[in-house]
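An overview of the molecular structure
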Amino acid sequence: MYFYLPTRIYSERDSVKKHGNEWACLGRKALIVTGKSSAENGALQDVIEALEKQGTSYFVFDETQQNPSVELVLEIRETGIEQQVDFVVGIGGGSPMDAAKAVALMLAHSDKGAEFLYERNIAGEQDYDAAFPVVEVPTTCGTGSEVTPYAILTRHDTCIKASLPHKIYPAYALVDGKYLLGTKREIIVNTAVDTLGHFIESYINTNATDFSRMLCEYGLGVWRSVKNVLIGAGLTVQECDAMMFSSTLAGMAIAHTGTALPHGLSYYLTYENGVPHGRAVGYFLPGYLAASGPMIRKKILSYAGFPDMQYFTAFIHRLLGAEKMDEKLMKKAVSGLMSNESKLRNVPFEVTEDLLYRICNRYSQ
Ligand SMILES: [Fe+2]
């Protein structure tokens, strides 16, 4: 059994400022990759304060959009080269954090073009995944990107979102639930459902081990303790801490196992219909859970605090509302996934076209 996670994780109040003497000294100049909202939740301010305290220069790129594209990554790399940065700080949800990893990879391979991003990793090529050091500061409670080696970008050449084959582990993950305070309910719900998806897809996964299952079992318990606030009003700071913690635990689990069918299917809904990531994943969770073995399904429902599948499906419906995948998109998603070997390999039962159609249809039933 094996577990590898080289990221230093600090999960506590004011982790950014408290540990600035470590992470802010990773280089002489930092490229901060973020979106506009990080200025509002205080994360950008904390990062800047920590860098200034250590006398480290920085440049802020705050125009990262949702579902960053390959083209955007190349644009940010050009800025990084011009600014002569030597490490990258990602602040935000999955979009800026994933973009930060991809930019760090491309900065370390400044002679390479866009095609390098999706070149398959060749075993034994030591520096193939070499990237500038990355520090991640999550401000949503879903992606877990702060502890995973994955970066998912939008590819307009193949019209889909796809994970890079490179593994880029952040050097530091600085986790602090306070950044969730005041976040729109819709974003909390979507990202918390993404976290639930990470737990379920990691648990029902060919690569699962006792290490990753332990993270899922404990993490689902943390998620369970706050799941009802997703239906209610705003979150307290303690509830924010729990949501953020469960997201990081789920990230640690998928760093080990990868994700499975719901994530693979979700990318089509996001690319074609603009459905936010966690919400898109949520649509396929009841179907994936229903397709798994009865014992494992029972365990997951119990850890997550649902008495049965009916209750689980009703909860997801209540959170996400109705969504119907049109026939054309469903066909595209099913045939795309049937040829996605890396996702199929993670599924511990036989996947047929018929099964995928059932998973797609299950939500609207
Ligand atoms: Fe996800």
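Small disclaimer: the values here were computed from a predicted structure and weren't measured. (Residues numbered from 1 in each chain as written. Predicted model: local features only at pLDDT ≥ 70, side-chain atom pairs only at ≥ 80, totals over all residues. Heavy atoms only, no water.)

1. So, the pairing of strand 3 (residues 57-61)
Across 5 bridges, the pairing between strand 2 (residues 29-34) and strand 3 is parallel. When the sheet's bridge partners are listed, I32 is paired in strand 3 with V60. At this point the chain moves from strand 2, through helix 3 (residues 43-53), to the parallel strand 3, and the crossover so formed is right-handed. (Pairing = 2+ DSSP bridges. Helix = DSSP H or I, 4+ residues; strand = E, 2+ residues; numbered from the N terminus. Right-handed = clockwise from strand over helix to strand, strands pointing away.)

2. Points about the coordination of the iron ion
For the iron ion, every protein donor is listed as D194 (OD), H198 (NE2), H263 (NE2) and H277 (NE2), and the spread of their distances is 2.1 to 2.2 Å. Taken in chain order, the donor set of the iron ion reads D-x3-H-x64-H-x13-H. Placement of D194 in helix 6 (residues 185-203) and of H263 in helix 9 (residues 261-273) is noted, with a sequence separation of 69 residues between them. The exposure class assigned to H263 is buried, which follows from its relative accessible area of 2%. (Donors = N, O, S within 2.8 Å, 3.2 Å for Na, K, Ca; no water. Buried < 20%, exposed > 50% of the residue type's maximum accessible area, 1.4 Å probe, protein only.)

3. Quick notes on the packing of aromatic side chains
Describing an aromatic ring pair means giving the distance of the ring centres and the angle of the ring planes. All told, the structure shown has 11 aromatic pairs when counted by the stated rule. Taking the centre distance of 5.4 Å and the plane angle of 90° together, the rings of Y4 and Y169 count as edge-to-face. Taken together, the residues Y4 in the segment before strand 1 (8-11) and Y169 in the loop between strand 7 (160-163) and strand 8 (172-175) connect sequence positions 165 residues apart. Its relative accessible area of 44% is what places Y4 among the partly exposed residues. Summarising the aromatic geometry, the rings of W223 and F315 are spaced 6.4 Å apart at their centres and angled 70° between planes, so their arrangement reads as edge-to-face. Of the two residues, W223 is situated in helix 7 (residues 210-226) and F315 in helix 12 (residues 309-320); the sequence distance between them amounts to 92 residues. Judged by relative accessible area, F315 falls into the buried class, the value being 5%. Through a chain of ring-to-ring contacts, three or more aromatic side chains come together here, namely W223, F306, Y311, F312 and F315. Sitting over the face of the ring of Y118, R155 holds its NZ or CZ atom 4.1 Å from the ring centroid. (Phe/Tyr/Trp six-rings, centres within 6.5 Å; stacked < 30°, edge-to-face > 60°. Lys NZ or Arg CZ within 6 Å of the ring centre and 35° of its normal.)

4. Section: helix 8 (residues 237-257)
The end-to-end C-alpha distance of helix 8, which contains 21 residues, comes to 30 Å, matching closely the 30 Å that a straight helix rising 1.5 Å per residue would cover. With 16 of 21 residues buried, helix 8 lies mostly within the body of the structure. One or two steps after helix 8, the chain reaches G258, where phi turns positive at roughly 80°. (Expected span 1.5 Å × (residues − 1).)

5. A short note on the domain arrangement of the protein chain
Segmenting the protein chain into domains produces domain 1 (8-179) and domain 2 (185-362). Computed from C-alpha atoms alone, the centre-to-centre distance between domain 1 and domain 2 is 25 Å. Across the domain 1/domain 2 interface, buried area totals approximately 2100 Å², and carbon plus sulfur atoms make up 65% of it. For the domain 1 face of the interface with domain 2, the top three residues by lost area are C141, I160 and K161, together amounting to 28%. Between the two partners, domain 1 and domain 2, sit 1 salt bridge. A salt bridge links R13 to D241; its shortest N-O distance comes to 2.8 Å. For the side of domain 1 that touches domain 2, the secondary structure elements donating two or more residues are strand 1, strand 6 (152-155) and strand 7. Among the residues making up the side of domain 1 that touches domain 2, the classes are represented as 11 nonpolar, 11 polar and 6 charged. (Domains from an automatic or database assignment. Buried area = accessible area lost by both parts, 1.4 Å probe. Salt bridge = Lys/Arg side-chain N within 4 Å of Asp/Glu carboxyl O. Nonpolar A, V, L, I, M, F, W, Y, C, P; charged D, E, K, R; others polar.)

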